[in-house]
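What follows is the residue order along each chain.
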Amino acid sequence: MRPKRDEELGEWFPLFTNIAGKLVVVAGAGKIARRRIETLMKFNCRIRVIAAEALPEVHALAGDPRVDLRIRSFEASDLEGADYVLAATNDIALNHEIYNLCRKGSIPVNVADDKEKSDFYFPGVIRKSGVTVGVTAEGRNHALAKQATRAIADCLDRSLQEDVKIGTEKN
């Protein structure tokens, strides 16, 4: 086996972690935050959303008992008990402040507008019939990651439907 060249080596390892019952704090309630909240809703975690204002879709998600929506300015105390933090506001200075608070508190953080300040990426997530797939282009090409996520979702849809048909056929 030949050694890999540096450009062939990935930097981000796809690590799945158990978030059952964990608290994910989301700062922001715009388009990016909404997509991330919707993805988190597919998992058994608690979500605290802090934002001065929120999209109607985020307000609707707050009807779920796992979502604690707080419409007000972000405060450092919002990070109390947080296991993970997503800084997804439209305020670069606030995202940077949240990053610094997480550093001090040893809380893993993802800063939506700055991959260098992110301990983890928020991948494209596909959940089908108990199968979970995460897709990333290592923060280099969001369009490619989105395209790959759709292709994998379509493939899983077809494959899982075929398995169901095969499994239910009578001999």
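Quick caveat: nothing in here was measured; it's all calculated off a predicted structure. Here, residues in each chain are numbered from 1, in the same order as that chain's written sequence. Thresholds applied to this predicted model are a pLDDT of at least 70 for local features of residues and 80 or more for the giving and counting of side-chain atom pairs; totals over whole chains, interfaces and linings are not thresholded and use all residues. Working from all heavy atoms in the structure, the side-chain values ignore hydrogens and water.

Novice: Please provide a residue-by-residue account of the environment of K117, values included.
Specialist: Relative to the helices and strands, K117 is located in the loop between β5 (109–111) and β6 (124–128). When the C-alpha atoms of K117 and N95 are compared, they prove to be 9.5 Å apart, with 22 residues separating the residues in sequence. Dropping the residues within four chain positions of it, K117 is found in contact with H96, Y99, V109 and V111. Any pair of N or O atoms that falls within 3.5 Å is considered a polar contact. Within protein, one atom must be able to donate a hydrogen and the other to accept it, and sequence-neighbouring residues count only if both atoms are side-chain atoms. At 2.5 Å, the side chain of K117 forms a polar contact with the side chain of H96. Comment: elements are numbered from the N terminus, with helices defined as DSSP H or I runs of at least four residues and strands as E runs of at least two. Only heavy atoms matter for contacts: two residues are in contact if any of them lie within 4.5 Å across the pair.

Novice: Give a description of the pattern of salt bridges that names residues and reports values.
Specialist: Any carboxyl oxygen of Asp or Glu that lies within 4 Å of a side-chain nitrogen of Lys or Arg is treated as forming a salt bridge with it. In total, this model carries nine salt bridges according to the counting rule given. Residues R72 and D78 are paired through a salt bridge, measuring 2.5 Å at the closest nitrogen-oxygen approach. Burial status follows relative accessibility: with a 1.4 Å probe on protein chains alone, a residue under 20% of its type maximum counts as buried, one over 50% as exposed, and anything between as partly exposed. What makes R72 partly exposed here is its relative accessible area of 27%. The shortest N-O distance in the salt bridge between K128 and D157 comes to 3.0 Å. One end of the pair, K128, is in strand β6; the other, D157, is in helix α4 (residues 142–168), with 29 residues separating them in the sequence. What makes K128 partly exposed here is its relative accessible area of 25%. Here the salt bridges share partners, and the residues they tie into one network are D68, R70, R72, E75 and D78.

Novice: Account for a positive patch on the surface, naming residues and giving values.
Specialist: Together, K31, R35, K146 and R150 line one region of the surface with positive charge. Those elements giving two or more residues to the positive patch turn out to be α1 (31–40) and α4. R35 sits in the partly exposed class, given a relative accessible area of 45%. Nonpolar side chains (Val, Leu, Ile, Met, Phe, Trp, Tyr) are joined into patches within 5 Å and like charges within 9 Å, using only residues with over 30% relative accessible area and no salt bridge. All accessibility values rest on the Shrake-Rupley procedure with a 1.4 Å probe; residue burial counts only the protein chains present in the view. Positive charges come from Lys and Arg alone, negative charges from Asp and Glu alone, with His and the N- and C-terminal ends not counted. Every charge is mapped to an atom, namely NZ of Lys, CZ of Arg, CG of Asp or CD of Glu.

Novice: Describe in detail the nonpolar core, supporting the description with residues and values.
Specialist: Of all hydrophobic cores here, the largest spans 19 residues; its most connected members are V24, V26, I37, L40, I47 and V49. Every element with two or more residues in this core is listed here: β1 (23–27), α1, β2 (46–51), α2 (56–61) and β4 (84–87). Setting aside anything within four residues of it in sequence, one finds I47 in contact with L23, V24, V26, I37, L40, M41, R66, V67 and D68. With 16 residues, the next largest nonpolar core counts I50, F74, V85 and C102 among its residues. What is meant by a nonpolar core is a set of buried Ala, Val, Leu, Ile, Met, Phe, Trp, Tyr and Cys residues, joined one to another through side-chain atoms within 4.5 Å.

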